[in-house]
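Coordinate inspection notes
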Amino acid sequence: MRYINIRFTIITATALLTLFLTGIPQEASAQTFKKGLAQYEKGNYSNAAEIFSNIQTERARLFAGKAYFGMGKYLTAKSYLADIGTESPNEIYLEAQYTLSLTDFQLGLFGDALNRLYPMKNQQVKTQVVTDGIQLYEDILGYLTLNQRK
């Protein structure tokens, strides 16, 4: 009987740990994301960042980074956005790269910003973020002096 209780406790602990590590169930996560998005759209970036930081999806990481960017916390924004890699859905990856380039620009890392934006010129599908990225690339080049471009 004691063996069964120990085993049950281990199974229960494992199930709870799994639930904790996988985050909020999908439906609750979607509802929470909507709440975060509403806060983000109202300009309540601090509340939005807190909500998005507790959701374990790439889309939530993107919006957490964007919220931190909106608060002027550029290094924190970079830490969230840099975790979104090329294996992510293309639209999320490109938006993360665009926001990272804005962050780099704000930090005075003009070369890094240009390096993030340059690949957008080769995108087959010219979405709004790609078009904005190409325009920002041109704007940064126009902003920099010849010596800064070197």
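Whatever comes next refers back to the structure up there.
**Looking at a nonpolar patch on the surface**
A surface patch of nonpolar side chains, amounting to about 260 Å² of accessible area, comprises Leu75, Leu107 and Leu109. Relative to the helices and strands, Leu75 is located in helix α5 (residues 74–81).

**Focus on the packing of aromatic side chains**
Using the criterion set out here, one finds eleven aromatic pairs in the structure. Ring centres 5.7 Å apart and planes at 85° place the aromatic pair Phe33 and Phe63 in the edge-to-face group. With Phe33 in helix α2 (residues 26–41) and Phe63 in helix α4 (residues 58–70), this pair connects stretches of sequence that are 30 residues apart. For Phe33, a relative accessible area of 8% puts it in the buried group.

**Remarks on the layout of surface pockets**
Here the second largest pocket is characterised by a volume of approximately 150 Å³. What lines the second largest pocket is Tyr40, Tyr45, Lys66, Phe69, Gly70, Glu95, Tyr98, Thr99, Gln128, Val129 and Asp132. Listing elements by their share of the lining of the second largest pocket, those giving two or more residues are α4, α6 (90–106) and α8 (128–143).

Rules and cut-offs
- Residues numbered from 1 in each chain as written.
- Predicted model: local features only at pLDDT ≥ 70, side-chain atom pairs only at ≥ 80, totals over all residues.
- Heavy atoms only, no water.
- Patch = residues over 30% accessible without salt bridge, like charges linked within 9 Å, V, L, I, M, F, W, Y side chains within 5 Å.
- Areas by Shrake-Rupley, 256 points an atom, 1.4 Å probe, with all protein chains shown as cover.
- Salt bridge = Lys/Arg side-chain N within 4 Å of Asp/Glu carboxyl O.
- Helix = DSSP H or I, 4+ residues; strand = E, 2+ residues; numbered from the N terminus.
- Phe/Tyr/Trp six-rings, centres within 6.5 Å; stacked < 30°, edge-to-face > 60°.
- Buried < 20%, exposed > 50% of the residue type's maximum accessible area, 1.4 Å probe, protein only.
- 1 Å grid on protein atoms, 1.4 Å probe; cavity = no way out; pocket = protein on both sides within 12 Å on 5 of 7 lines; lining within 4 Å.
- Points joined across faces, edges and corners; volume = space filled by probe spheres on them.

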